[in-house]
Amino acid sequence: MDNPVIPSSRQAGPASRGELVLHEDRFFDPDPTVRGLARALYAETRDLPLVCPHGHVDPRLLADNEPFPEPTALIVVPDHYIFRMLYSRGVPLESLGVPARDGTPVEGDPRRIWQLFGDHYHLFRGTPTGVWLDHELGQVFGVRRKLTGATAQLVYDEIAEKLASPEFLPRALFERFNIEVLSTTDAAADPLEHHRAIRGSGWGGRVVPTFRPDAVFRIAAPGWTAELERLAGAHGSPVADYAGFVAALEERRAFFRSLGAVSTDHAVLEPYTERLPDTEAARLFRRALDGRADAADQRRFEAHMLMEMARMSVEDGMVMQLHPGALRDHNARVFERFGLDKGADIPVATEYTRNLRELLNAYGNDPRLTLVLFTLDESTYARELAPLAGHYPALRLGPPWWFHDSPEGMKRFRERTTETAGIYNTAGFNDDTRAFCSIPARHDLARRVDANWLAGLVARHVVELDEAREMARALAYDLVRETYRLDGATTEQSTLSGAAAAD
């Protein structure tokens, strides 16, 4: 057997049973020819800067730059992948400290929560979450023992000690991770005070907002009126009709751009698009103001507003991201008790060709639009998404997302899309995470998987090695910068950014 288990970055004999090791060749093919090529390709991308154009890290983290409180708050609490898996095995969310809507007491001792995490750590074996966590523990925190129930408190103490040092402050980690740009995800009405604080602090890290107006498009949702009021407050004047609503959105987009935003983000159950006459859009908006909008009204209004978002992106240059196919909060009991985003979002079959036809016919041929399309439905890769991206100039395929952000998921994506769309109609990689310290782990996994996939192409003489080297760099770094236009900040944006920071 070639190469026994060795720790990353050093040569050693087989690991002891309790030692945490990260094999140098993890995720590479066992065939020695492919493995050797994968090593060489990965060596050229492993140290490239991380470009993170889509994620959910709280900007307050980097604005305040305060020490992380302790390991549980940093690693367990923000990661729905973790408590989703634990809940599936009978661990109550209350015992993980997840706040309940009704105010019922939940576990508040971070050590007890961490112990539960350690007791159940074996559940993550073979999962991408386990891959990320092992990388995080070993590479970020230098932990050399496996996390188990028996070692949980020792590991907790080791991480807690490091979190107290200046080297583990958020901005220091941002720089250590070699993050070139980090995008957050922010509601349309968000005042972006943390982004302004970051820019006003003099720190050089590039952290930019992303405009996400979903809440104000869902006109039949119970909280829509409150969201509209928030939008009006941020806009600075009442939003009394549809025309005023559109004007408020355009103004907010400009404000986001002034603070460096390069993209918008939209999550929908189905990617249905339909251009309504302004009179009909205004009628639906009035029904919502009167409290009479129903699900059918909302479906049509959302479809129309996606058309409007594409129009605005053509005009202001913001990249448009579309994330369809998640049936949110599937578990009614968990939603009623704990609220949104508690690990109960489930993929559904999704149709793109007909649903997006109106939007793509209107704007898909316009070079001023970039639409990054994601999916949770793998069955659409070869049948719909690759053919669409292989034709429309405006369309790029986002990387495997959420449940498919995994070694095998990434491989399937490349195999099913490249023959029709190539790699240059894809958008590179984004980490899509709330868990700040998992960012380098996710990028490292993607770079390893892509290196291995490209090595297979070279070994089978599909591409030459010099071509694979260019492709590896494109997938790790160049495509994401190009797709999100990260080199295209205008003088106007720079001027507005300085004014916003001074306010």
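Residues numbered from 1 in each chain as written. Predicted model: local features only at pLDDT ≥ 70, side-chain atom pairs only at ≥ 80, totals over all residues. Heavy atoms only, no water.

Structural notes on the confidence of the model for the protein chain
Right, on to step 1. Within the protein chain, residue pLDDT values average 93, and 94% of them lie at 70 or more.
Right, on to step 2. When the criterion is pLDDT under 50, residues 1–14 qualifies, and its contacts beyond four places in sequence or with other chains add up to 34 contacts.
Right, on to step 3. When the criterion is pLDDT under 50, residues 489–503 qualifies, and its contacts beyond four places in sequence or with other chains add up to 17 contacts. (pLDDT = per-residue confidence, 0-100. Contact = heavy atoms within 4.5 Å.)

Describing helix H18 (residues 407–421)
Right, on to step 1. Taking 1.5 Å as the rise per residue, H18 with 15 residues should run 21 Å; its terminal C-alpha atoms sit 21 Å apart, in good agreement.
Right, on to step 2. Restricting attention to buried positions, one finds in H18 the residues Gly409, Met410, Phe413, Arg414, Thr417, Thr418 and Ala421.
Right, on to step 3. Gly422 sits one or two residues past H18 and shows a positive phi near 70°. (Helix = DSSP H or I, 4+ residues; strand = E, 2+ residues; numbered from the N terminus. Expected span 1.5 Å × (residues − 1). Buried < 20%, exposed > 50% of the residue type's maximum accessible area, 1.4 Å probe, protein only.)

Concerning the pairing of strand S7 (residues 319–324)
Right, on to step 1. Among the six residues that make up S7, six are buried, leaving the element largely enclosed by the rest of the structure.
Right, on to step 2. Neither face of S7 is open: one carries Val319, Gln321 and His323, the other Met320, Leu322 and Pro324, and all of them are buried.
Right, on to step 3. One ladder, built from three bridges, connects S7 with strand S10 (residues 371–373); its direction is parallel. Each residue of the ladder has a partner; that of Met320, found in S10, is Leu371. (Pairing = 2+ DSSP bridges.)

Describing the environment of Ala240
Right, on to step 1. Of note, Ala240 is situated in the loop between helix H11 (224–235) and helix H12 (242–258).
Right, on to step 2. Assessed through its relative accessible area of 48%, Ala240 is described here as partly exposed.
Right, on to step 3. The residues contacting Ala240, other than those within four sequence positions of it, are Phe285, Arg286 and Leu289.

Things to note about the sheet that holds strand S2 (residues 179–183)
Right, on to step 1. Here three strands make up an open sheet; going across it, the order is S1-S2-S4 and the pairing parallel. Only two strands of the sheet have a single neighbouring strand rather than two, namely strand S1 (50–52) and strand S4 (207–208).
Right, on to step 2. Here S1 runs beside S2; their pairing, made up of three bridges, is parallel. Paired with Val51 across the strands is Val181, a residue of S2.
Right, on to step 3. Sitting on the sheet, helix H19 (residues 439–459) touches S1 and S2, and the angle it makes with S1 is about 110°. (Axes fitted to C-alpha atoms, helices over the stretch in contact; angles between N-to-C directions.)

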